[in-house]
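Okay, here's what each chain looks like letter by letter:
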Amino acid sequence: MMRNITNAKYNAHTDPLFSKQEILKIEDLHTISTVRIIKKAHLNQTPKKIQNLFEKVSDTNRPQRYPNNIKIRASEGKTMKELPEKWNNLPEEYKEEQSYNRLIQNI
């Protein structure tokens, strides 16, 4: 589809085409949407039920290597396993960002 839109050859790589057209791929859109909802939950900008889904891993007895990671709940289905994994794989400086808009721009 992207090759048709840009009149590229049938075997052209699509990454440069997406970049040139400034269009995000579906995987990128999914990542941004995931980060957006989790960050809003951490900033208390979502209903309590959603905030409870994305609890940070915290143990008050000892310092954590990655204090901004989220508990993975594999028993609650595929989505509740994949969303925290995407968040947990982000660099720590992104997770610590206090500004929601700056976080989205960095991703």
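Structure: above.
Within each chain, residue numbers correspond to sequence positions counted from 1 in written order. Local features in this predicted model are restricted to residues of pLDDT 70 or higher, and side-chain atom pairs are both shown and tallied only at a pLDDT of 80 or more, whereas totals for entire chains, interfaces and linings draw on every residue. Only hydrogens and water are removed before side-chain values are computed, so all heavy atoms of the structure are retained for them.

*Asks:* In this structure, what is going on with the overall build of the chain? I would like to understand it.
*Replies:* In this text, helices come from DSSP runs of H or I with a minimum length of four residues, and strands from runs of E with a minimum of two, each type numbered from the N-terminal end. A count of helical and extended segments in the chain gives 7 helices and 0 strands. Traced from its N-terminal end to its C-terminal end, the chain shows the element sequence α-α-α-α-α-α-α. For the exposure calls, accessible area comes from a 1.4 Å probe over protein chains only, and a residue counts as buried if that area is under 20% of its type's maximum, exposed if over 50%, partly exposed in between. The buried share of the chain, reckoned over its 107 residues, is 29%. Accessible surface computed for the chain: about 8000 Å², of which carbon and sulfur atoms make up 48%. Method for areas: the Shrake-Rupley scheme with a 1.4 Å probe, in which residue coverage is limited to the protein chains shown.

*Asks:* Any chance you could explain the pattern of salt bridges here in plain terms?
*Replies:* We define a salt bridge as a side-chain nitrogen of Lys or Arg found within 4 Å of a carboxyl oxygen belonging to Asp or Glu. Applying the stated criterion to the full structure yields 3 salt bridges. Glu27 serves as the salt-bridge partner of Lys86, at 2.5 Å between the closest nitrogen and oxygen. You can see Lys86 sitting in helix α5 (residues 79-88) and its partner Glu27 sitting in helix α3 (residues 26-42), a full 59 residues away along the chain. Among the residues examined, Glu27 registers a relative accessible area of 48% and is labelled partly exposed. We note a salt bridge from Glu92 to Lys95, for which the minimum N-O separation is 3.3 Å. On the criterion of helical spacing, the pair formed by Glu92 and Lys95 is a turn pair, its members being 3 residues apart in helix α6 (residues 92-96). By the burial criterion, Glu92 is buried, and Lys95 matches it.

*Asks:* Help me out: how do you make sense of unusual backbone geometry in this one?
*Replies:* Located in the positive-phi region is Glu22, a residue other than glycine, with phi close to 55 degrees. Checked against the element boundaries, Glu22 lands in the loop between α2 (14-21) and α3. Its identity as a non-glycine residue notwithstanding, Asn44 has a phi of 60 degrees, on the positive side.

*Asks:* What is the right way to look at the packing of α3 against α5 in this model?
*Replies:* Between two packed helices, what matters for the description is the angle formed by their axes and the separation of those axes. Lines fitted to the C-alpha atoms define the axes, with helices restricted to the stretch that makes contact. Angles between their N-to-C directions range from 0 to 180 degrees. Following both chains from N to C, one finds α3 and α5 inclined at 85 degrees, their axes separated by 10 Å at the closest point. Classified by the angle their axes make, α3 and α5 are roughly perpendicular. Along the contact surface, α3 presents Glu27, His30, Thr31, Thr34, Val35, Ile38, Lys39 and His42, while α5 presents Leu83, Lys86 and Trp87. Relative orientations are named as follows: roughly parallel for angles under 35 degrees, roughly antiparallel for angles over 145 degrees, roughly perpendicular for angles from 65 to 115 degrees, and oblique for any other angle. Contacts: residue pairs with any heavy atoms within 4.5 Å of one another.

*Asks:* Help me understand the nonpolar core, please; the structure alone is not making it clear to me.
*Replies:* One broad rule of soluble globular proteins: the nonpolar side chains tend to lie buried together. Core analysis: the biggest nonpolar cluster contains 13 residues, and Val35, Ile38, Phe54, Ile70, Trp87, Leu90 and Ile104 have the highest contact counts within it. Listed by contribution, the elements that provide at least two residues to this core are α3, α5 and α7 (100-106). By residue number, the principal contributor to this core is α3, which donates 4 residues. Throughout this description, the term nonpolar core refers to a set of buried Ala, Val, Leu, Ile, Met, Phe, Trp, Tyr and Cys residues connected via side-chain atoms within 4.5 Å.

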